[in-house]
Amino acid sequence: MKQNREMTLDEIATRISGELINGRGDALISGVSGLKEAKAGEISFLAHRRYLKDLEATSASAVVIPNDVAFDRLPAIRVVNPYFAFSQLLHLFHDIPYTAGGIDENAIVGSNASFGQDVSIYPYVYIGNNACIGDRVTIYPFAFIGNGSIIGSNSVIHSNVTVREGCRIGERVIIHSGAVIGSDGFGYVTHQGMHHKIPQVGGVIIEDDVEIGANTTIDRGTMGNTIISRGTKIDNLIQVAHNVFVGEHCLFAAQSGIAGSSKTGNYVIMAGQSGVVDHVNVGNNVIITAQSAATKDIRDGETVSGMPSMPHRNWLKAMAVFEDLPGIKKKVAELERRMAEIEDK
Amino acid sequence: MKQNREMTLDEIATRISGELINGRGDALISGVSGLKEAKAGEISFLAHRRYLKDLEATSASAVVIPNDVAFDRLPAIRVVNPYFAFSQLLHLFHDIPYTAGGIDENAIVGSNASFGQDVSIYPYVYIGNNACIGDRVTIYPFAFIGNGSIIGSNSVIHSNVTVREGCRIGERVIIHSGAVIGSDGFGYVTHQGMHHKIPQVGGVIIEDDVEIGANTTIDRGTMGNTIISRGTKIDNLIQVAHNVFVGEHCLFAAQSGIAGSSKTGNYVIMAGQSGVVDHVNVGNNVIITAQSAATKDIRDGETVSGMPSMPHRNWLKAMAVFEDLPGIKKKVAELERRMAEIEDK
Amino acid sequence: MKQNREMTLDEIATRISGELINGRGDALISGVSGLKEAKAGEISFLAHRRYLKDLEATSASAVVIPNDVAFDRLPAIRVVNPYFAFSQLLHLFHDIPYTAGGIDENAIVGSNASFGQDVSIYPYVYIGNNACIGDRVTIYPFAFIGNGSIIGSNSVIHSNVTVREGCRIGERVIIHSGAVIGSDGFGYVTHQGMHHKIPQVGGVIIEDDVEIGANTTIDRGTMGNTIISRGTKIDNLIQVAHNVFVGEHCLFAAQSGIAGSSKTGNYVIMAGQSGVVDHVNVGNNVIITAQSAATKDIRDGETVSGMPSMPHRNWLKAMAVFEDLPGIKKKVAELERRMAEIEDK
């Protein structure tokens, strides 16, 4: 995967908006690595002060450091946020420039489907009638784009993805392999002992800069839309049910799930295997910890844990006692015995 | 998605077996919506008395109401179950009549595969040898139907579905995108430090009127079959292990799972992220609440929670105390102190 | 699926390294079944003494028994491990000999892709540039093999699998339908209110004899590799995050998940819906029970339960008291009342 690229320290400093404080600006750098893994010729970075020892020992030829760290053993570039600089460096050394592959002759394209400029539609892609594919969109093999769905510019649809009919995908969206967008919501009405399917006639709207993980499922609305707002990142194997509204810039870790008609604010974090039950409102900046569930409305800024959900602090304190439950039970029984003894006197 | 259809109130009343109590039977209706969303020309419905205020304020041109609600501001149709009527109305206004697409020339059809009448086999479908596809079956692109598998009439197989060899799918079954039916069960025998695969030579039987969600996995039996009985609805990202038997008319919410060889009765409800451990029997009408697990046999009609499972009522009461554990611990310590003081006297 | 094969008891005894103790060696056997299900002409097996009653009642024509069980009603073959013999018998009666299907003309093969001998590449397979496919590899329809990826000899890639670019799959590996190998890790750096994607430039290494379940996702490393060591078996719908290292001969049950950069030793068992949080080390021979999570480093040989994780024994004892929490609370309140009464005197 690695590209053979070289860049001078001056170039790098410019690209990551940093200041070169030691060393020669024309020194050539050929890659980026962690402090421990970096080899001569590579640049590394100090993401946190707890790695200062690794910084001292690194074999990198240059490092990116925070503005407030003094270090003069190696050429160093000072920046506000070295971890952000690291992600920029990965782009610099690894991004492959986009080249349009066109529409492969083995792609199936429905009637009235439209394409922007410079698309890359691989063989064995299915694009339905009236679908609308933006500029520089890449669609990998075995991806299904349903009738009338829209894929915004610069988005990437990986292999084996399904985007059902009538969904709107924004710009710069990445949908990983096996994800399903717009499957029917799980809606039935039970009548005379049978579960009758409620037609799911709504859609899905995925806004700009969203990323959706592998094998994640996002159901269409019953009526109206399931919405993932801009900048939100969703990991693998996550369930987003019908008519859910997810705010902006949320981060949902793998195997979490949100039940029908619930809403989240912005910057919500769901840890792995956590959940939100149906019909609740989760505020802005809420954190739901791993394997916990938001079982009622959660106010802005709260961190909740457990099932049912409680303030994380309370959960931590209660769990600290939990393992001692048998001891407490024994003490209570002992107290009762001693109490009866005293009362007898 | 919305169709441009119009129907008179008389027609609608007939189709949903209701009685028009106000207004003119020849008034035209063009769609169905929720009480808050409905616009002039649309019909809405009162699913529950708690929405009576929305009923008073709705902009709909007509409403469906339960038999025991009085309302005369708008034309109204009285029915036994307005929520069921709502699902019927969605069908009336949104169903697209089935038209057979035939077998696309880009579908791969194995030797001796057979087809009923009026099928719709999309391009890039793979159908194995000796497979048997019923009347009016729709199979979307990138679906794989293994050798000898049977798909009953009027079933729909969405894109990227895998139905492995030797599986039997009933009539009017819907399998959503990315679901996998008939993958190998997770069976090994450990011998001399190696896990040796136990060949999984059984199959999967999915009965009539079952619906299976996106990216759900249903493993084949080791010997014998994994069975999903008629009328059961299974949501997204659910695991059904080998040799599981699921009864009729169950509802399993997303990310729940059933381990090997367990059995459920009829009308079992599994909430989101819940589980059933292996080799247990879950009775009829059991409810397993969210993130809980049935860890032993569960009797008919029980609602269980927690892990290990306990009666839901007990779990609720225990969880109501759980958050107070630190307080209880403190009280016990205090009681011990006071007790010692008294005993000293 | 069942093959029409017949074998003599002598032949069978040789193949499963057992000793025939009753009956004629030339008696013909036509299949293998459980003790209860077996019919005349079939051979069955006693996996555990608790099934001795079934052994007495079986209609099988012969049985496989452990060395230390006496039984003379039927022809019997004595072996060290009858359950292992059972898996061997399933292979004997059900395995279909491999026949190479070649490379179908409807498979897409990238430039410089290479193939070993006797491969079976189905129609509608996509193989990227410079991919390397070993001897006798089978790849089913709608599988995507990315640029430069390697599939070792005798491996099977089922339908709708994605193996992204730059991944290395060992020999005798089975990847079930819908699994995704090499999807991007979930890595972002938040800068000025936006989550910026950290390019995931590492890969995935899956060693020999690994099996990966349906719709499981294994993310590529950010830098370096996500590694699944030899002999490990992973069930359906499991998440393995970026830069995870999984040891040898582990067994992970369905819907479990391991967060980023965590490591497991060898012979680790994760039960259903369990988890490992990020950046922890799980020792050898550890068991993580169902719906539990390893929230810190776990020492060799420990069984842990709960969330946060604790020794399984402690968790069992605490859970045995949990349901009685309301009773304990009541007793404590009662004790306080009685104590105050005594103190008043």
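Residues numbered from 1 in each chain as written. Chains lettered and ligands numbered in written order. Predicted model: local features only at pLDDT ≥ 70, side-chain atom pairs only at ≥ 80, totals over all residues. Heavy atoms only, no water.

**Focus on the overall build of chain A**
Then step 1. Of regular secondary structure, chain A possesses five helices and 40 strands.
Then step 2. Computed over the C-alpha atoms, the radius of gyration of chain A is 27 Å, more than 25% above the 20 Å expected from 2.2 N^0.38 for a compact globule of 345 residues.
Then step 3. Seen through its principal axes, chain A has C-alpha atoms that stretch 95 × 65 × 30 Å.
Then step 4. The burial tally for chain A puts 57% of its 345 residues in the buried class.
Then step 5. Once the 30 positive and 37 negative side-chain charges of chain A are each reduced to a mean point, those two points are 6 Å apart. (Helix = DSSP H or I, 4+ residues; strand = E, 2+ residues; numbered from the N terminus. Rg over C-alpha atoms; globule rule 2.2 N^0.38 Å. Buried < 20%, exposed > 50% of the residue type's maximum accessible area, 1.4 Å probe, protein only. Lys, Arg positive; Asp, Glu negative; His and termini not counted. Charge placed at Lys NZ, Arg CZ, Asp CG, Glu CD.)

**Remarks on the pairing of strand 6 (residues 62-66) of chain B**
Residue and element names in this part refer to chain B.
Then step 1. Counting buried positions along strand 6 gives five out of five residues, so the element sits mostly inside the fold.
Then step 2. The two faces of strand 6 match: A62, V64 and P66 on one face and V63 and I65 on the other face are all buried.
Then step 3. In the sheet, strand 5 (residues 42-45) pairs with strand 6 via three bridges, with the strands oriented parallel. For S44, the partnering residue across the bridge sits in strand 6 and is V63.
Then step 4. Read as a crossover between parallel neighbours, the route from strand 5 over helix 2 (residues 52-57) to strand 6 is right-handed.
Then step 5. Bridge count between strand 6 and strand 7 (residues 76-79): four bridges; the pairing is parallel. Residue pairing in the sheet places P66 in a bridge with V79 of strand 7. (Pairing = 2+ DSSP bridges. Right-handed = clockwise from strand over helix to strand, strands pointing away.)

**Topic: the interface of chain C and chain B**
Then step 1. Opposite the 60 residues of chain C that make contact, chain B presents 69 residues.
Then step 2. There are three salt bridges connecting chain C and chain B.
Then step 3. Between E343 of chain C and R338 of chain B there is a salt bridge, with the nearest N and O atoms lying 2.9 Å from each other.
Then step 4. The interface formed by chain C and chain B includes 25 residue pairs in polar contact (both at pLDDT 80 or more).
Then step 5. If you list the elements that add at least two residues to the side of chain C that touches chain B, you get helix 3 (82-94), strand 28 (233-234), strand 31 (251-252), helix 4 (312-322) and helix 5 (325-344) of chain C.
Then step 6. Top element by residues in the side of chain C that touches chain B is helix 5 of chain C. It accounts for eleven residues. (Contact = heavy atoms within 4.5 Å. Salt bridge = Lys/Arg side-chain N within 4 Å of Asp/Glu carboxyl O. Polar contact = N/O pair within 3.5 Å; in protein donor to acceptor, adjacent residues only side chain to side chain.)

**Description of the sheet that holds strand 14 (residues 138-139) of chain A**
All names here are of chain A.
Then step 1. Here we have twelve strands laid out as an open sheet, ordered 8-11-14-17-20-25-28-31-34-37-39-40, and mixed in their pairing. A strand with exactly one partner marks an edge of an open sheet, and here the two such strands are strand 8 (102-103) and strand 40 (310-311).
Then step 2. For strand 31 (residues 251-252) and strand 34 (residues 269-270), the ladder comprises two bridges, and the chain directions are parallel. When the sheet's bridge partners are listed, F252 is paired in strand 34 with M270.

**Section: the packing of aromatic side chains**
Then step 1. Taken as a whole and assessed by the stated rule, the structure comprises 33 aromatic pairs over all chains.
Then step 2. Taken together, a centroid distance of 6.0 Å and an interplanar angle of 85° make the contact between Y140 of chain A and F144 of chain C edge-to-face. Of this pair, Y140 of chain A sits in the loop between strand 14 and strand 15 (144-145) while F144 of chain C sits in strand 15 (residues 144-145), each in a different chain. Exposure class is identical for Y140 of chain A and F144 of chain C. Each is buried. (Phe/Tyr/Trp six-rings, centres within 6.5 Å; stacked < 30°, edge-to-face > 60°.)

**Regarding the relation of the copies chain C and chain B**
There are two copies of the chain, and a rotation about an axis plus a shift along that axis relates them.
Then step 1. With an axial shift of 0.0 Å and an RMSD of 0.1 Å, the rotation relating chain C to chain B amounts to 120°. Overall, the copies show the geometry of a three-fold rotation axis. (Least-squares fit on C-alpha atoms with pLDDT ≥ 70 in both.)

**Observations concerning unusual backbone geometry**
Then step 1. Across the junction of M307 of chain A and P308 of chain A, the peptide omega takes the value 5°, indicating a cis bond.
Then step 2. Non-glycine residue D118 of chain C carries a positive phi angle of around 55°.
Then step 3. Within the element layout of this structure, D118 of chain C appears in the loop between strand 10 (114-115) and strand 11 (120-121).
Then step 4. Overall, the relative accessible area of 44% leaves D118 of chain C in the partly exposed class.
Then step 5. Residue R136 of chain C is not a glycine yet carries a positive backbone phi of 55°.
Then step 6. Looking at where R136 of chain C falls in the secondary structure, it is placed in the loop between strand 13 (132-133) and strand 14 (138-139).
Then step 7. Among the residues examined, R136 of chain C registers a relative accessible area of 30% and is labelled partly exposed.

**A closer look at the packing of helix 5 (residues 325-344) of chain A against helix 4 of chain C**
Then step 1. Close contact between helix 5 of chain A and helix 4 of chain C brings their axes to 8 Å; oriented N to C, the two are set at 50°. The angle between the axes of helix 5 of chain A and helix 4 of chain C places the two elements in the oblique class. Packed against helix 5 of chain A, whose contacting residues are L325, P326 and K329 of chain A, the element helix 4 of chain C presents K317, A318, V321 and F322 of chain C at the interface.
Then step 2. Grouping the amino acids of the contact of helix 5 of chain A with helix 4 of chain C by side-chain chemistry returns five nonpolar, no polar and two charged. (Axes fitted to C-alpha atoms, helices over the stretch in contact; angles between N-to-C directions. Parallel < 35°, antiparallel > 145°, perpendicular 65-115°, else oblique. Nonpolar A, V, L, I, M, F, W, Y, C, P; charged D, E, K, R; others polar.)

**Quick look at the pattern of salt bridges**
Then step 1. Scanning the entire structure with this criterion turns up 43 salt bridges over all chains.
Then step 2. With a shortest N-O distance of 3.5 Å, R172 of chain B and E171 of chain B are connected by a salt bridge.
Then step 3. Of the residues examined, E171 of chain B reaches a relative accessible area of 33% and is grouped as partly exposed.
Then step 4. The partner of R230 of chain B in a salt bridge is E248 of chain B, with the nearest N and O atoms 3.4 Å apart. Of the two residues, R230 of chain B is situated in the loop between strand 27 (225-228) and strand 28 (233-234) and E248 of chain B in the loop between strand 30 (245-246) and strand 31 (251-252); the sequence distance between them amounts to 18 residues.
Then step 5. E248 of chain B sits in the partly exposed class, given a relative accessible area of 24%.
Then step 6. One continuous salt-bridge network, built from bridges that share partners, spans R164, E165, D184, K197 and R220 of chain A together with E211 of chain B.

**A closer look at helix 4 of chain C**
All names here are of chain C.
Then step 1. Those residues of helix 4 not exposed but buried are W315, A318, M319, V321 and F322. Looking down the long axis of helix 4, one finds its buried residues gathered within 155° of arc, a one-sided arrangement. In helix 4, the exposed positions angled more than 90 degrees off the buried face are occupied by R313 and A320. (Arc of directions from axis to C-beta.)

**What about the environment of F71 of chain C?**
All names here are of chain C.
Then step 1. The residue F71 is located in the loop between strand 6 (62-66) and strand 7 (76-79) in this model.
Then step 2. Residue class for F71 comes out buried when judged on its relative accessible area of 7%.
Then step 3. Each C-alpha atom, one on F71 and one on T264, is 44 Å from the other, the two residues being 193 residues apart in sequence.
Then step 4. Sequence-distant contacts of F71, defined by excluding residues within four places in its chain, comprise I21, N22, L55, E56, V63, I65 and A76.

**A closer look at the interface of chain A and chain C**
Then step 1. Counting residues at the interface gives 60 residues for chain A, matched by 71 residues for chain C.
Then step 2. Summed over both sides, the interface between chain A and chain C buries roughly 5300 Å², with carbon and sulfur atoms accounting for 69% of that surface.
Then step 3. For the pair chain A and chain C, the number of links is three salt bridges.
Then step 4. Taken together, the connections running from chain A to chain C amount to 25 residue pairs in polar contact (both at pLDDT 80 or more).
Then step 5. No other element matches helix 5 of chain A, which puts eleven residues into the side of chain A that touches chain C.
Then step 6. Here the side of chain A that touches chain C is composed, by residue class, of 34 nonpolar, 19 polar and seven charged. (Buried area = accessible area lost by both parts, 1.4 Å probe.)

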